[in-house]
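# A look at the structure
Chain by chain, the residues:
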Amino acid sequence: MASLPPSHGQPHAVQPHQHGHVVPRHPRLDPLADRYAARTHGMKTSEIRALFSVVSRPEVVSLAGGMPAVTALPLDAVGSMIGELVSGMGAQTLQYGSGQGDPRLRERICDVMALEGITDASPSEVVVTVGSQQGLDLVTRVFVDPGDVILAEGPSYVGALGVFQAAEARVRHVLMDDDGLIPEALEQALIECRANGDRVKFLYTVPNYHNPGGVTLSEPRRQAIVDIADRYDLLVIEDNPYGLLGFDREPMRALRARDAQRVIYLGSFSKTFSPGLRVGWVLAPLAVREKLVLATEAQVLCPPSLTQYAVARYLDTQPWREQIKLFTELYRERRDATLESLDALMPPGTTWTRPDGGFYVWLKLPNGLDSKLMQPRAVNAHVAYVPGIGFYADGSGREYMRLSYCYPEPDQIREGVRRLARVIEAELDLHSTFDAVDTGTFRAVGRPAPTHTAENIVGPANSDRIED
């Protein structure tokens, strides 16, 4: 898999926003600007959310957002089920609930996790959350102080980076390849952090069908990472929304199944049932669970009762395992349409990963192209993607982009890739033209391009294919 080195090969983590009084540049536009907390000034719109107004246009083929194909659900049955819940159990479903979550739902969550080898989980260790995003925020609140270091794959899930930024943590990226996070790179990062006196709070990892990388952590590496965590007394946060969505194999054994005390597991029903219900969970040791419940109660009092009851009833009454198989068949077809179109249409020098599950392909542009600068021209050509810069805490990743195949129909995907290929070809033509022009003394001066060494660049899955 193509991956940038953390911080362009520099050993230090990304620095948090500095504290101090901030003088508003335009006080008449925001008279309260000088009163915001220091962490507020570091907040920014994610690369994905910024695209929402664009991708909603009917003429645009969106390969950007990771929206599940909820129309594949039996919507009539789900609608009837929710209606019966309200009419028959309204006093419970419309009332406040427990900060830890509905006991019946927590039991069923343990059944779901057992599919990935987590057979020792107790409902008492589960905290229901408003999506796994809230779970990640709660874990970060409980463990992270400003200035702490969090290790995370490079690239990493953009929503996680936003949480870490809000906590004023420093993120150090660890290299990946086609087999996921590289254990040797993780151990090297830990050694360097110790030498620098950095306080590493945890490793954040998406081991299955990575967002945005599309790769899966191999079986040997799973045990290697758990062994490294044990050796260095490292906490691991395992974020696993896609684990049941493999195309050609049974679910892989979770990291949490290998170490119940050192691994905290985040799960979600957003990808296997409905993202709109916003139901996720955290599986954590009892002492940690207590603090997560307290943090939940301070934040939202309790997760919504109606959505919890709806998920529990769905798991009790609907053929949810068969529904997951239907989802995987649908996503496999769309993955195939994406890879076939990329193989047929992309210009030489373009490379990408080949996922065997999940939602995403991670594409590397030919040398010299910038996915962020190219984005307006792609939108003008009626195709949308997410620039790679959003998936790195240090502002790198401009030569990458994330393509999502979960939502568009296969024919739309093929058309979107065709449009994208034309945009990339046009960019290459521009670069070829202007690189040949001698601008003499008026040559623009910018920041020097990052240098990469052979040992910190790992090629994508198809980097060895022959180009005509």
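Figured I'd write up the structure that's included with this text.

Conventions and cut-offs
Residues numbered from 1 in each chain as written. Predicted model: local features only at pLDDT ≥ 70, side-chain atom pairs only at ≥ 80, totals over all residues. Heavy atoms only, no water. Axes fitted to C-alpha atoms, helices over the stretch in contact; angles between N-to-C directions. Helix = DSSP H or I, 4+ residues; strand = E, 2+ residues; numbered from the N terminus. Parallel < 35°, antiparallel > 145°, perpendicular 65-115°, else oblique. Left-handed = near helix turned anticlockwise from the far one by under 90°. Contact = heavy atoms within 4.5 Å. Nonpolar A, V, L, I, M, F, W, Y, C, P; charged D, E, K, R; others polar. Buried < 20%, exposed > 50% of the residue type's maximum accessible area, 1.4 Å probe, protein only. Polar contact = N/O pair within 3.5 Å; in protein donor to acceptor, adjacent residues only side chain to side chain. Pairing = 2+ DSSP bridges. Salt bridge = Lys/Arg side-chain N within 4 Å of Asp/Glu carboxyl O. 1 Å grid on protein atoms, 1.4 Å probe; cavity = no way out; pocket = protein on both sides within 12 Å on 5 of 7 lines; lining within 4 Å. Points joined across faces, edges and corners; volume = space filled by probe spheres on them.

Next up on the list: the packing of helix H6 (residues 183-196) against helix H7 (residues 219-231). Contact geometry for H6 and H7: axes closest at 9 Å, N-to-C directions at 15°. Here H7 runs roughly parallel to H6, going by the angle between their axes. Our pair here, H6 against H7, has a crossing hand that is right-handed. Each of Pro-183, Leu-186, Glu-187 and Leu-190 in H6 lies in contact with H7, whose residues at this interface are Arg-221, Ala-224, Ile-225, Ile-228 and Arg-231. Of the residues contributing to the contact of H6 with H7, the split by class is six nonpolar, no polar and three charged.

Another aspect to go through is the environment of Ala-152. Structurally, the position occupied by Ala-152 is in strand E3 (residues 149-154). Between the C-alpha atom of Ala-152 and that of Tyr-392, which follows or precedes it by 240 residues, the distance is 9.5 Å. When near neighbours in sequence (up to four residues on either side) are disregarded, Ala-152 contacts Val-171, Arg-172, His-173, Val-174, Leu-203 and Tyr-204.

Turning our attention to the side chain of Thr-216. Mapped onto the fold, Thr-216 is located in the loop between strand E6 (200-205) and H7. The exposure class assigned to Thr-216 is buried, which follows from its relative accessible area of 9%. A polar contact is formed between the side chain of Thr-216 and the backbone nitrogen of Tyr-209, at a distance of 3.1 Å. If sequence neighbours within four positions are ignored, Thr-216 has contacts with Asp-178, Asp-179, Gly-180, Pro-207, Asn-208, Tyr-209, Arg-222, Arg-249, Met-252 and Asp-356.

Glancing now at the sheet that holds strand E8 (residues 263-268). With respect to topology, eight strands assemble into an open sheet ordered E2-E9-E8-E7-E6-E3-E4-E5, the strand pairing being mixed. In this open sheet, the two strands that pair with only one neighbour each are strand E2 (126-129) and strand E5 (180-181). Pairing geometry for E3 and E6, over four bridges, is parallel. Each bridged residue has a counterpart across the sheet, and for Val-149 the counterpart in E6 is Val-200. H6 rests against E3, strand E4 (170-177), E5 and E6 of the sheet, and its axis sits at about 155° to E4.

Pairing between side chains of opposite charge can happen when the charged atoms of each approach one another. Counted under the stated rule, the structure contains 28 salt bridges. Here Asp-336 makes a salt bridge to Arg-335, at a shortest N to O gap of 2.8 Å. For Asp-336, a relative accessible area of 28% puts it in the partly exposed group. Here Glu-415 and Arg-418 are joined by a salt bridge, their closest N and O atoms 2.3 Å apart. With a gap of three residues between them, Glu-415 and Arg-418 both fall in helix H12 (residues 410-435), about one helical turn apart. The exposure class of Glu-415 is partly exposed, given its relative accessible area of 24%. Within this structure, Arg-104, Glu-107, Arg-108, Asp-111 and Asp-316 form a network of salt bridges that share partners.

All right, on to the side chain of Thr-205 then. Here Thr-205 lies in strand E6. Beyond its immediate sequence surroundings of up to four residues, Thr-205 is in contact with Glu-153, Val-236, Ile-237, Glu-238, Asp-239 and Leu-255.

The next subject is the environment of Gly-388. The residue Gly-388 is located in the loop between strand E13 (386-387) and strand E14 (400-404) in this model. Given a relative accessible area of 0%, Gly-388 falls into the buried group. The spacing of Gly-388 and Leu-363 is 25 residues in sequence and 8.8 Å in space, taken between C-alpha atoms. With residues near it in sequence (within four places) discarded, Gly-388 still touches Trp-362, Ser-371, Ser-396, Gly-397, Tyr-400 and Met-401.

Before going further, it helps to examine empty space enclosed by the protein. For the coordinates displayed, the defined rule picks out three cavities of 30 Å³ or more. Its volume calculated, the largest cavity comes out at about 90 Å³. Forming the boundary of the largest cavity are Val-112, Glu-116, Asn-240, Pro-241, Tyr-242, Gly-243, Leu-244, Tyr-265, Ser-268, Phe-269, Thr-272 and Trp-281. Grouping the amino acids of the lining of the largest cavity by side-chain chemistry returns seven nonpolar, four polar and one charged.

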